[in-house]
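If you want the building blocks of each chain, they are given just below.
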Amino acid sequence: MSSLKYDPLNIVVCGIGGQGNVLAAEVLGSAMVDRGCRVAVGETYGASQRGGSVMSHVRVSERRDPSVLIPSGEAHIVIGFEPLETLRIAQKYAGANTVIVYDPRPVYPLGVLQGVQTYPDLDELAAEIQRLSAMALAIPAADIAMEAGDSRAANIALLGAFSQMPGAPLSREDLEHILEKRFKGQVLELNRRAFAMGCEAAAEKGGAL
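The shown structure was predicted, so the numbers you read here are calculated from the model rather than taken from an experiment.

Reading the values: the criteria
- Residues numbered from 1 in each chain as written.
- Predicted model: local features only at pLDDT ≥ 70, side-chain atom pairs only at ≥ 80, totals over all residues.
- Heavy atoms only, no water.
- Helix = DSSP H or I, 4+ residues; strand = E, 2+ residues; numbered from the N terminus.
- Rg over C-alpha atoms; globule rule 2.2 N^0.38 Å.
- Buried < 20%, exposed > 50% of the residue type's maximum accessible area, 1.4 Å probe, protein only.
- Contact = heavy atoms within 4.5 Å.
- Areas by Shrake-Rupley, 256 points an atom, 1.4 Å probe, with all protein chains shown as cover.
- Lys, Arg positive; Asp, Glu negative; His and termini not counted.
- Charge placed at Lys NZ, Arg CZ, Asp CG, Glu CD.
- Axes fitted to C-alpha atoms, helices over the stretch in contact; angles between N-to-C directions.
- Parallel < 35°, antiparallel > 145°, perpendicular 65-115°, else oblique.
- Left-handed = near helix turned anticlockwise from the far one by under 90°.
- Nonpolar A, V, L, I, M, F, W, Y, C, P; charged D, E, K, R; others polar.
- Polar contact = N/O pair within 3.5 Å; in protein donor to acceptor, adjacent residues only side chain to side chain.
- Core = buried A, V, L, I, M, F, W, Y, C linked by side-chain atoms within 4.5 Å.
- Phe/Tyr/Trp six-rings, centres within 6.5 Å; stacked < 30°, edge-to-face > 60°.
- Patch = residues over 30% accessible without salt bridge, like charges linked within 9 Å, V, L, I, M, F, W, Y side chains within 5 Å.
- Salt bridge = Lys/Arg side-chain N within 4 Å of Asp/Glu carboxyl O.
- Pairing = 2+ DSSP bridges.

Before going further, it helps to examine the overall build of the protein chain. Helix and strand counts for the protein chain stand at eight helices and six strands. Its C-alpha atoms give the protein chain a radius of gyration of 16 Å, near enough to 17 Å, the size a compact globule of 209 residues would have. The buried share of the protein chain, reckoned over its 209 residues, is 52%. Pairs at least 24 apart in sequence give 67% of the contacts found in the protein chain among residues at least 6 apart. As displayed, the protein chain offers around 9800 Å² of accessible surface, 49% of which is attributable to carbon and sulfur atoms. In the protein chain, 19 side chains carry a positive charge and 24 a negative one; their mean positions are 6 Å apart.

Moving on, we come to the packing of helix H5 (residues 141–148) against helix H6 (residues 154–163). Relative to each other, H5 and H6 sit at 115°, their axes nearing to 8 Å. Judged by the inter-axis angle, H5 sits roughly perpendicular to H6. Seen from above, H5 lies across H6 with right-handed handedness. Of the residues in H6, those in contact with Ala141, Ala142, Ile144 and Ala145 of H5 are Ala154, Ala157 and Leu158. When the residues that make up the contact of H5 with H6 are grouped by side-chain class, the tally is seven nonpolar, no polar and no charged.

Following the sequence through the fold, glutamine 164 ends up in the loop between H6 and helix H7 (172–182). Polar contacts involving the side chain of glutamine 164 include one to the side chain of serine 163, which spans 3.1 Å.

As a further point, take the nonpolar core. Judged by nonpolar contacts, the single largest core of 47 residues is most densely connected at Ile11, Leu28, Ile79, Ile139 and Phe162. Broken down by element, this core gets its largest block of residues, eight residues, from helix H8 (residues 185–204). Here leucine 28 is in contact with Ile11, Val13, Ile79, Leu159, Phe162, Leu170 and Leu175, once residues within four sequence places are set aside. In this structure, Leu84, Ala90, Ala94 and Ala136 belong to the second largest nonpolar core, which totals 21 residues.

So, on to the packing of aromatic side chains. What describes a pair of aromatic rings is the distance from one ring centre to the other and the angle between the planes of the rings. Tallying each qualifying case throughout the model produces one aromatic pair. Ring plane angle 85° and centroid distance 5.0 Å describe the contact between tyrosine 108 and tyrosine 119, whose orientation is recorded as edge-to-face. Residue tyrosine 108 is located in the loop between strand E5 (94–102) and helix H3 (110–113), and its partner tyrosine 119 is located in the loop between H3 and helix H4 (122–131); the two are separated by 11 residues in the primary sequence.

Our next topic: a nonpolar patch on the surface. A cluster of nonpolar side chains, Tyr108, Leu110, Leu113 and Leu122, forms an exposed patch at the surface whose accessible area comes to about 420 Å². By the element assignment, leucine 122 lies in helix H4. With a relative accessible area of 36%, leucine 122 lands in the partly exposed category.

Most of strand E3 (residues 53–61) sits out of view: eight of its nine residues are buried. Of the pairings in the sheet, the one linking strand E1 (residues 9–16) to E3 comprises eight bridges and is antiparallel in character. When the bridges of E3 are listed, valine 13 appears paired with serine 56.

Moving on, we get to the packing of H7 against H8. Contact geometry for H7 and H8: axes closest at 10 Å, N-to-C directions at 165°. One way to sum up the angle between H7 and H8 is to call them roughly antiparallel. In this structure, H7 crosses over H8, and the sense of that crossing is right-handed. On the side of H7, the interface is formed by Arg172, Leu175, Glu176, Leu179 and Glu180, while H8 contributes Leu188, Asn191, Arg192, Phe195, Ala196 and Cys199.

For the coordinates displayed, the defined rule picks out 11 salt bridges. With a shortest N-O distance of 3.5 Å, arginine 105 and aspartate 143 are connected by a salt bridge. Here arginine 105, found in the loop between E5 and H3, pairs with aspartate 143, found in helix H5; they are 38 residues apart in sequence, far enough to count as distant. By relative accessible area, which is 45% here, arginine 105 ends up partly exposed. Among the ionic pairs, arginine 192 bridges to glutamate 180, the shortest N-O distance being 3.3 Å. You can see arginine 192 sitting in helix H8 and its partner glutamate 180 sitting in helix H7, a full 12 residues away along the chain. For arginine 192, a relative accessible area of 34% puts it in the partly exposed group.

Right under this line is the structure:
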């Protein structure tokens with residue numbers, strides 16, 4: 001694997017509580033440590049048990065111990081599990097070179113479900129995410145996970161898509177190795193399927209390296 005494109009490399013993983021984004025950040029961090037990098041991972045939580053915002057900062061360096069928090073406008077990669085949360089993060093952390101991979105399927109807040117709030121138009125959300133990034137790839141990770149056998153594997157499907165993005169610091173093989181270390185039996189096979197399908201979805205959309 002070649003040197004990091006940026007050092008430190010700044011990755012934001014964001015979504016709604018219960019979507020598995022914290023696990024995704026841990027998998028990324030573990031894979032980068034295996035690669036010999038120094039990694040700092042930090043989370044911020046909203047009302048995660050009630051579907052609040054959850055964001056992880058993953059900072060990676062080959063030369064020094066990075067600080068935990070990513071400065072505004074300095075994210076190189078954003079992995080988003082929900083489109084509105086992805087946009088919120090992009091508005092604060094995206095810069096001219098930011099690459100975004102996200103699931104465009106919305107998770108509606110309680111206020112929207114009760115009819116007292118309005119969720120933004122999905123096409124407008126996608127256009128704004130695209131505008132704020134150098135490249136944005138929408139991957140239906142939740143749908144992929146359901147097809148693979150379990151909706152909870154959406155995070156792993158999105159990691160598969162991430163591995164195919166320009167500037168991704170980890171290869172498909174790097175992440176598959178971590179999955180094999182972390183999961184066993186039927187859970188491993190499920191996650192392997194979801195991961196492979198995420199890779200294929202990114203390649204089909206032109207996100208592959």
